[in-house]
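Letter by letter, the chains look like this.
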Amino acid sequence: MTPQNSWWSWDHAFAVLPDLLFEGFKITLVATVLGTLIALVLGLVVAIIRRSAPRIISTPFTWVVEFIRMTPLVVQLVFANLVLSPYVDSSLSIGIWVLGIHYTTYMAEVYRAGIDSVPKGQWEAATALSLPRMRTWRAVVVPQAIRNTVPALGNYAISMFKETPFLFVIYVPELLNVAQNYGSTYFRYTEAITLAGLIFLAASYPTSLLIRRLEKKLA
Amino acid sequence: MPENTAHPGVPGVPHIEFRDVVKKFGDNTVLDDLNFTVTKGERVTLIGPSGSGKTTILRLVMTLEELTGGYIDIAGNPLQYEEQGGKRVRIPDKRRRRTTTDIGMVFQHFNLFPNMTVMENIIEAPVNVMGLKKAEAEAKAETLLDKVGMGWKKDARPSELSGGQQQRIAIARALAMDPEILLLDEVTSALDPELVGEVLAVLKDIAAETDISMLIVTHEMQFAREVSDRVMMFDKGSVIEEGLPDKIFSEPENQRTQDFLRAVL
Ligand SMILES: Nc1ncnc2c1ncn2[C@@H]1O[C@H](COP(=O)(O)OP(=O)(O)OP(=O)(O)O)[C@@H](O)[C@H]1O
Ligand SMILES: [Mg+2]
């Protein structure tokens, strides 16, 4: 038995681990995966609209995108929760949408760079073949644009993962929240917080290695 | 003398008609009130110094550039603008596309789609524009690929091929749409010299075997002489001399044509 006053207790570590993994980490993972999916899809839509829609539509879009990018995620979470909680039961859903939309603005920029990197000659060849606009996007431009963006998109997915602890502020029981709860119940924070950190590391480091390998393969 | 595979076209049936065409890039007037007609089946080669507007003319026909003034008609149909009640009205993209379906273009830098195989490049438009079934489109593509000598590479990616091979595939891709007009803009200029011949040979075959109207920009004067019915010499955005290739290349009348040909030949 480890003495109570030592800075590290294996008992507490083992006691909190299942909650961290099967509650906290599970929620963190769900938030990251769904948030990333939202950002991947909406980001592409926003990038295409900004590139191809008439000014009257694309300019307001640009303002909204800039506004979201220029305000902190935490503020957006608190604000969205304040406004939406009377109508939406689950703070997790609110959190996922805020994360997803926040990252949409970053991913839209990545896609935009990817779209701009497709040579003009590709558009011209599509016009010369009389391909409809939608088909040109779908079959020619987007596949080539995405190829160059996979690493950057992956890095944003990882940084979203690392920002999920902010969901704490709207009481979503993600990893940090679970650790914090354990701490305040037993007055033992060290083990729970340390393990939470290690779980983040254990998940994001291999993922970033994977992305780097993917990057090399696509280059 | 090389054998001339050219034929005079159908006299009096206009296929491409430039009427008072004006093209400006900002303040730079590239084409100023240009008028000319290419008749059905005719092969016309444009020559002229760099910057005289040859590429611009082809790009206007392909709707890659927007007309500043005037009209272009394709087989009697307005391409970019039409006159309606005395007003010049822009034709919407969808309707433009219906006209351009009959026009094919081959570019200096091939512009094959790198994310598709050779076969996919060729059937992309027949399937998605003409509505052919995939199997039909592929059968047709096989024939065209054999014609340009590339049947054995149908599953390759463009990046695995030489410039000459890519250009022959780009030609097959344009032909897969059964174009009535083919635009060729310096299609051999980006190629290593030893690869030019194979591409020109393919084009000469097409010129001999089809009655596609062609508008050609080339620095290959021998080729121009063999396939063209007419050569138009451009300078500063207007035609300064035109005629049969033998006439223009051997006995040009205009001083600027003489100077130009002396410089390039
Ligand atoms: N997108 C553009 N923006 C601005 N100016 C342009 C553009 N495209 C062409 N020009 C100008 O139009 C003029 C004609 O160009 P064009 O490419 O048609 O000439 P060309 O006869 O094909 O020349 P070359 O033999 O060098 O290919 C040039 O002065 C060129 O600078
Ligand atoms: Mg040119």
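My aim in this report is to walk through the structure given alongside it, one point at a time. Quick caveat, the model's predicted, so the values are computed rather than measured.

### Structural notes on the overall build of chain B
So, step 1. Secondary structure summary: chain B contains 9 helices and 12 strands in total.
So, step 2. Against the 2.2 N^0.38 benchmark of 18 Å for 265 residues, chain B shows a C-alpha radius of gyration of 18 Å, consistent with a compact globule.
So, step 3. Across its three principal directions, the C-alpha atoms of chain B cover 50 × 50 × 35 Å.
So, step 4. Here chain B holds 265 residues, and 54% of them are scored as buried.
So, step 5. For chain B, the share of sequence-separated contacts (at least 6 apart) that also reach a separation of at least 24 residues comes to 63%.
So, step 6. When the accessible area of chain B is evaluated, it comes to approximately 11500 Å², of which 47% is carbon and sulfur surface.
So, step 7. Chain B carries 31 positive and 42 negative side-chain charges, and their two centres are separated by 5 Å.

### Some words on the nonpolar core
So, step 1. Formed by 72 residues in total, the largest nonpolar core has its most connected members in Phe18(B), Leu46(B), Ile57(B), Leu183(B) and Leu215(B).
So, step 2. No other element matches the 9 residues that helix α4 (residues 91-116) of chain A contributes to this core.
So, step 3. In this structure Phe18(B) touches Leu34(B), Asn35(B), Phe36(B), Ile57(B), Leu60(B), Val61(B), Tyr71(B) and Ile72(B), once residues within four positions along its chain are discounted.
So, step 4. Residues Val148(B), Ile169(B), Leu182(B) and Val202(B) belong to the second largest nonpolar core, which totals 39 residues.

### Structural notes on the sheet that holds strand β3 (residues 43-47) of chain B
Pairing between the strands of a sheet is mediated by backbone hydrogen bonds and can be parallel or antiparallel.
Residues and elements named next belong to chain B.
So, step 1. Strand order in the open sheet made by the 6 strands is β8-β9-β10-β3-β11-β12, with mixed pairing throughout. Looking along the sheet, the strands with just one partner apiece sit at the ends: β8 (103-106) and β12 (238-243). This sheet shows a mean twist of 20° between the axes of neighbouring strands, independent of strand direction.
So, step 2. One ladder, built from 4 bridges, connects β3 with strand β10 (residues 213-217); its direction is parallel. Residue pairing in the sheet places Leu46 in a bridge with Val217 of β10.

### A short note on a nonpolar patch on the surface
So, step 1. On the surface, Leu29(A), Val30(A), Val33(A), Leu34(A) and Leu37(A) cluster together into a nonpolar patch covering about 380 Å² of accessible area.
So, step 2. With respect to the helices, strands and loops of the structure, Val30(A) is situated in helix α1 (residues 10-52).

What counts, and at which threshold
Residues numbered from 1 in each chain as written. Chains lettered and ligands numbered in written order. Predicted model: local features only at pLDDT ≥ 70, side-chain atom pairs only at ≥ 80, totals over all residues. Heavy atoms only, no water. Helix = DSSP H or I, 4+ residues; strand = E, 2+ residues; numbered from the N terminus. Rg over C-alpha atoms; globule rule 2.2 N^0.38 Å. Buried < 20%, exposed > 50% of the residue type's maximum accessible area, 1.4 Å probe, protein only. Contact = heavy atoms within 4.5 Å. Areas by Shrake-Rupley, 256 points an atom, 1.4 Å probe, with all protein chains shown as cover. Lys, Arg positive; Asp, Glu negative; His and termini not counted. Charge placed at Lys NZ, Arg CZ, Asp CG, Glu CD. Core = buried A, V, L, I, M, F, W, Y, C linked by side-chain atoms within 4.5 Å. Pairing = 2+ DSSP bridges. Axes fitted to C-alpha atoms, helices over the stretch in contact; angles between N-to-C directions. Patch = residues over 30% accessible without salt bridge, like charges linked within 9 Å, V, L, I, M, F, W, Y side chains within 5 Å. Salt bridge = Lys/Arg side-chain N within 4 Å of Asp/Glu carboxyl O.

Keep in mind that these numbers describe shape and distance, not what the molecule does.
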